[in-house]
Structure formats: C-alpha cells, structure tokens
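# Observations on the three-dimensional arrangement
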Amino acid sequence: MAILQLLTNLFGSFPHWLATILISSLPVAELRGSIPIAILQYQMHPAEAYLLAVIGNMIPVIPLLLYLEPVSNYLRRFRLWDKFFNWLFTRTHHNHSATFEKYGTLGLAIFVAIPLPATGAWSGCAAAFVFGICFRHALVAITAGVLIAGLVVTVVTLGGLSLSNLFL
C-alpha cells in the first residue's frame, strides 16, 4: 500500500482522470494500482476508472512491443544493461516457458490477465519478446489480458468497498 500512497501523492496535483491514466501506464502499478486509487481515493465511477486505467495500461504496450528488441540490443552493449536484460529474459523464460510452450498466445493473455504483481502488460511485452510472439498476436493477447485484469481488479475493489461498508 505504500507504493499506492506514494503514487497518489506524486500525482496529487493532476486531474484525477489524468492521474489514473498515468498511474496505470507505470510498470510498478499498472491498472492493478490505478483502479483502486481511482475508485477508493478519487471517488471515480467504476466504469470510468476501468476505462481510464485500461487506456493508460495500454499506452506503453505498442512502443514496448515495437522497440523492446532494438532498444535492448543497443543497451546490451553496456555491461550494466547487458546484466539487466540477461536477468530479465532468463527470469521470464525460466518462470513462464512451460505456459507459453503449452498455450502460446492464449498463455500470454492469461499471464497478463492474472492480477498479481509482475504479470501485467509490461511483463507481457517482455514475455512476448522473449518467446518470439509476433506483434499482432501479442497486441491482441495483451489487450485481452488487460481488459480481463481490469474487470477482475474493478470487481475485487468494489467487493472490498462493499465489505468495508458492511462492517463500518
């Protein structure tokens, strides 16, 4: 929760709709962080929070899918970045190779849809790159995963809000 409070403070001077988009575009929060902030702190309607969070979460996807390979290839010329990308790609391949080998593009959608830390659109783009999923298929799978994750997070947030109202 400290990260969500930090993000709320960081974007405190922004209009709530823009803060929701920006928070959901960040890899540390994505829509898993922006939807609860939008609904619980900004008192935003759940449909509006969902829509803005999905838009924000999808903003980095196309550039990541298009430029992750050339940027990583360029940065790997430097030792620090080479170590980082080796760690990232090895970790991604090790942790998720069975899923992607078995389910392919559907596995990517499921991976992105699971609303847990390190399973969002940013990680999905890295996984698509590591497993060689073509741009078009990766974009569809990540979009589907983001839409599903957004629904799950919205429902869970509303359920938590209902439970807290019940006990207050």
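Everything numeric here is computed off the predicted structure, so don't read it as measured data.

Rules of the game
The residue numbers shown here count from 1 along each chain, following its written sequence. Side-chain atom pairs in this predicted model are given and counted only at pLDDT of 80 or more, local residue features only at pLDDT of at least 70, and totals for whole chains, interfaces and linings cover all residues. For the side-chain quantities, the full set of heavy atoms in the structure was used; hydrogens and water were omitted. Each residue is placed in one exposure class: buried if its accessible area under a 1.4 Å probe, protein chains only, is under 20% of its type's maximum, exposed if it is over 50%, and partly exposed if it falls in between. Secondary structure elements follow DSSP: runs of H or I of four or more residues count as helices, runs of E of two or more count as strands, with numbering from the N terminus. Using a grid of 1 Å spacing that covers the protein atoms alone, one calls a set of points a cavity when a 1.4 Å probe fits there but cannot get out, and a pocket when the set is open and has protein on both sides within 12 Å along at least five of seven lines; lining residues are those with an atom within 4 Å of a point. Grid points are joined across faces, edges and corners, and a volume is the space filled by probe spheres set on the points. Put simply, Ala, Val, Leu, Ile, Met, Phe, Trp, Tyr, Cys and Pro go in the nonpolar bin, Asp, Glu, Lys and Arg in the charged bin, and everything else, Gly too, in the polar bin. Stacked, tilted and edge-to-face pairs are distinguished by plane angle, under 30 degrees for stacked and over 60 for edge-to-face with tilted covering the rest, among Phe, Tyr and Trp rings (Trp via its six-membered ring) whose centres lie within 6.5 Å. Residues enter patches when their relative accessible area tops 30% and they take part in no salt bridge; the joining distance is 9 Å for like charges and 5 Å for the nonpolar side chains Val, Leu, Ile, Met, Phe, Trp and Tyr. All accessible areas in this document rest on Shrake-Rupley with a 1.4 Å probe, and a residue is counted as covered only by the protein chains that are shown. Salt bridges are identified by distance alone: a Lys or Arg side-chain nitrogen within 4 Å of an Asp or Glu carboxyl oxygen. The angle between two axes is taken between their N-to-C directions and runs from 0 to 180 degrees, where each axis is a line fitted to C-alpha atoms and a helix contributes only its stretch in contact. The cut-offs work like this: below 35 degrees is roughly parallel, past 145 is roughly antiparallel, 65 to 115 is roughly perpendicular, and the gaps in between are oblique. Note: crossing handedness is left-handed where the near helix turns anticlockwise from the far helix by less than a right angle, and right-handed where it turns clockwise. The contact criterion used throughout is that any non-hydrogen atoms of two residues lie within 4.5 Å.

Okay, helix 8 (residues 121-130) next. Those residues of helix 8 lying buried are Ala121, Gly124, Cys125, Ala126, Ala127 and Ala128. Within two residues after helix 8, Gly132 carries a phi angle of roughly 70°, on the positive side.

The next subject is the layout of surface pockets. Taken as a whole, the largest pocket encloses approximately 740 Å³ of empty space. Surrounding the largest pocket, 31 residues form its lining, Pro27, Val28, Glu30, Ala118 and Ser123 being those nearest its centre. Elements with a contribution of two residues or more to the lining of the largest pocket: helix 1 (2-10), helix 3 (30-41), helix 5 (61-75), helix 6 (79-103) and helix 8. Each residue belonging to the lining of the largest pocket can be placed in one class, and the counts come to 21 nonpolar, 7 polar and 3 charged.

In this structure the tally under the stated criterion is 6 aromatic pairs. On the numbers, 6.1 Å between centres and 35° between planes, the contact of Phe84 with Trp87 is tilted. A residue pair is termed a helical-turn pair when its members lie 3 or 4 positions apart in one helix, as Phe84 and Trp87 do in helix 6 at 3 residues. Among the aromatic side chains, those forming a connected cluster through ring pairs are Trp81, Phe84, Phe85 and Trp87.

Okay, a nonpolar patch on the surface next. Side chains of Tyr74, Phe78, Leu80, Trp81, Phe84 and Trp87 sit close together on the surface and give an oily, nonpolar patch of about 670 Å² of accessible area. Among the elements that line the nonpolar patch, the one with the most residues is helix 6, at 4 residues.

Close contact between helix 7 (residues 105-113) and helix 8 brings their axes to 8 Å; oriented N to C, the two are set at 155°. In this view, helix 7 runs roughly antiparallel relative to helix 8, as classed from their interaxial angle. Crossing of helix 7 against helix 8: the hand is right-handed. For the pair formed by helix 7 and helix 8, the contact residues are Leu108, Phe111 and Val112 on the first element and Ala121, Ser123, Gly124, Ala127 and Ala128 on the second. Residues that form the contact of helix 7 with helix 8 fall into these classes: 6 nonpolar, 2 polar and no charged.

Before going further, it helps to examine the environment of Gly56. Tracing the backbone through its elements, the reader meets Gly56 in helix 4 (residues 46-58). For Gly56 and Ile37, which are 19 residues apart along the polypeptide, the C-alpha to C-alpha distance reads 14 Å. Residues in contact with Gly56, not counting those within four places in the same chain, are Ile21, Ser24 and Ser25.

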